[in-house]
Amino acid sequence: MVAIKRWVTATFILCFLVVIAGGVVRTTQSGMGCPDWPKCFGKWIPPTNVSELPPDFESYLGKQDIDHTFNAFHTWIEYFNRLLGVLLGIFAIIQLFLLFRKKATLYKAFRISCLFLFTVILTGLLGAIVVKLNLAHLSISIHLLLAVVLIQLQLLLLHTIHGGISAIHIHDEHIKKLLSAFLVVVIIQSVFGTMVRIHVDDISKQLAYENREHWLASSPTEFIIHRTFSWIVLLIALLIAWRSRNIFLIRNKVYVLAGIIITSMVTGILLFYADMPAIAQPIHLLLATIAITQVCSILLQVKEVR
């Protein structure tokens with residue numbers, strides 16, 4: 001049982017690494033670094049220089065939307081992202097095998113692991129569609145959504161494995177309602193963030209991915225809504241923190257949640273006022289994912305006592 005818990009935890013951590021890798025791919029404009037799928041330039045091990053390109057390499061480069069030239073940095077960033085995806089698939093298969101052996105006593109966990117593996121496969125196939133559609137906005141958004149869903153499924157598996165040990169019993173019925181409302185608000189905020197990303201992608205492409213100071217210079221409506229709505233997110237987080245201040249088992253978790261929201265807002269401010277620094281983009285995405293995961297984790301633990 002200890003081995004299963006450790007493997008489930010390791011897989012949970014790996015999910016976040018996959019999200020980070022995806023964010024790095026996007027912020028470095030490496031999404032088409034491998035313009036074909038599942039191979040890269042027709043090879044299982046991508047080239048490191050022009051001399052290693054296949055004879056028909058121009059047909060691959062023509063699919064790129066940056067400069068149609070070979071860039072080893074972009075290629076290997078994207079390839080590393082794919083390797084992490086494959087590794088997650090291997091982890092998911094081993095996880096399923098471990099739980100299959102214990103399915104008589106851990107049947108619910110086994111079913112969740114089946115759903116997790118299915119979602120991993122679906123996410124990988126969607127990655128192929130993203131490449132096929134040359135980074136179309138909708139395909140990227142759905143790809144990211146599935147990655148977030150993967151994390152929540154693995155989180156559910158973690159809580160299922162630990163059973164009732166992690167349950168937090170509370171008497172304040174309003175806290176769980178506030179947490180549920182907060183989850184909805186964070187998801188809405190994430191949708192606004194996706195709309196901002198689409199705008200940034202369009203502008204950055206027009207500017208050949210240079211002049212970062214102009215990517216949000218026009219302060220589009222999507223960005224203004226996203227920025228304003230962040231204060232609503234923060235206020236609800238602080239309200240939950242205040243309501244749970246006397247509940248020791250949940251208080252610290254809610255304080256961490258509020259801290260995540262504040263840090264996310266700081267990275268958003270940096271993105272706007274510091275001319276879209278590349279490092280801040282994947283961090284902003286990661287913090288949003290962690291915030292959703294933290295809320296879901298608290299909701300899974302909180303049990304109302306009537």
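Right above here is the structure, for reference.
Residues numbered from 1 in each chain as written. Predicted model: local features only at pLDDT ≥ 70, side-chain atom pairs only at ≥ 80, totals over all residues. Heavy atoms only, no water.

K.L.:
Help me understand the side chain of Thr-267, please; the structure alone is not making it clear to me.
P.N.:
Following the sequence through the fold, Thr-267 ends up in helix α8 (residues 248-273). The residues touching Thr-267, leaving out its near neighbours within four places in the chain, are Ala-280, Ile-283, His-284 and Leu-287. (Helix = DSSP H or I, 4+ residues; strand = E, 2+ residues; numbered from the N terminus. Contact = heavy atoms within 4.5 Å.)

K.L.:
Mind showing me how you'd approach the packing of aromatic side chains here?
P.N.:
Working definition: an aromatic ring pair is given by the centre-to-centre distance plus the angle between the planes. Summed over the entire model, instances satisfying the criterion amount to eight aromatic pairs. Taken together, a centroid distance of 4.5 Å and an interplanar angle of 25° make the contact between Trp-7 and Phe-91 stacked. Here Phe-91 lies in helix α3 (residues 72-100) and Trp-7 lies in helix α1 (residues 2-27), a separation of 84 residues in the sequence. For Phe-91, a relative accessible area of 18% puts it in the buried group. (Phe/Tyr/Trp six-rings, centres within 6.5 Å; stacked < 30°, edge-to-face > 60°. Buried < 20%, exposed > 50% of the residue type's maximum accessible area, 1.4 Å probe, protein only.)

K.L.:
How should I be thinking about the state of the cysteines in this particular structure?
P.N.:
The term disulfide refers to a covalent linkage connecting the sulfur atoms of a pair of cysteines. Counted by the stated rule, this structure contains one disulfide. Cys-15 supplies the cysteine sulfur nearest to Cys-296, a cysteine that is in no disulfide, at a spacing of 14 Å. Accessibility expressed as a relative area gives 18% for Cys-296, which makes it buried. (Disulfide = S-S within 2.5 Å.)

K.L.:
Help me understand unusual backbone geometry in this model?
P.N.:
The bulk of non-glycine residues show a negative phi, and the bulk of peptide bonds are trans. The step from Trp-37 to Pro-38 runs through a cis peptide bond, and the omega angle for that step is 10°. One non-glycine residue, Phe-41, lies in the positive phi region at around 60°. Owing to a relative accessible area of 0%, Phe-41 belongs among the buried residues under this scheme.

K.L.:
I would appreciate a short explanation of a nonpolar patch on the surface in the present structure.
P.N.:
On the surface, Val-86, Leu-87, Ile-90 and Ile-94 cluster together to form a nonpolar patch covering roughly 300 Å² of accessible area. Turning to its location among the elements, Val-86 is positioned in helix α3. We classify Val-86 as exposed; its relative accessible area is 51%. (Patch = residues over 30% accessible without salt bridge, like charges linked within 9 Å, V, L, I, M, F, W, Y side chains within 5 Å. Areas by Shrake-Rupley, 256 points an atom, 1.4 Å probe, with all protein chains shown as cover. Salt bridge = Lys/Arg side-chain N within 4 Å of Asp/Glu carboxyl O.)

K.L.:
Looking at this structure, I do not really get helix α4 (residues 107-132). What am I missing?
P.N.:
At 3.6 residues per turn, the α-helix brings residues three or four places apart onto the same side. The end-to-end C-alpha distance of α4, which contains 26 residues, comes to 38 Å, matching closely the 38 Å that a straight helix rising 1.5 Å per residue would cover. Positive phi appears at Asn-134, one or two residues downstream of α4, with a value of about 55°. (Expected span 1.5 Å × (residues − 1).)

K.L.:
Quick question: what am I supposed to make of the packing of α8 against helix α9 (residues 280-301) here?
P.N.:
Packed helices, taken two at a time, are described by their axes: the angle between them and the distance between them. Here α8 crosses α9 at 160°, and the two axes come no closer than 9 Å. With respect to α9, the element α8 is oriented roughly antiparallel. The way α8 lies across α9 gives a crossing that is left-handed. Between α8 and α9, the residues in contact are Ile-250, Lys-253, Val-254, Val-256, Leu-257, Ile-260, Ile-261, Thr-263, Ser-264, Thr-267, Gly-268 and Leu-271 and Ala-280, Gln-281, Ile-283, His-284, Leu-287, Ile-290, Ala-291, Gln-294, Val-295, Ile-298 and Gln-301, respectively. Class assignment for the residues of the contact of α8 with α9 results in 14 nonpolar, eight polar and one charged. (Axes fitted to C-alpha atoms, helices over the stretch in contact; angles between N-to-C directions. Parallel < 35°, antiparallel > 145°, perpendicular 65-115°, else oblique. Left-handed = near helix turned anticlockwise from the far one by under 90°. Nonpolar A, V, L, I, M, F, W, Y, C, P; charged D, E, K, R; others polar.)

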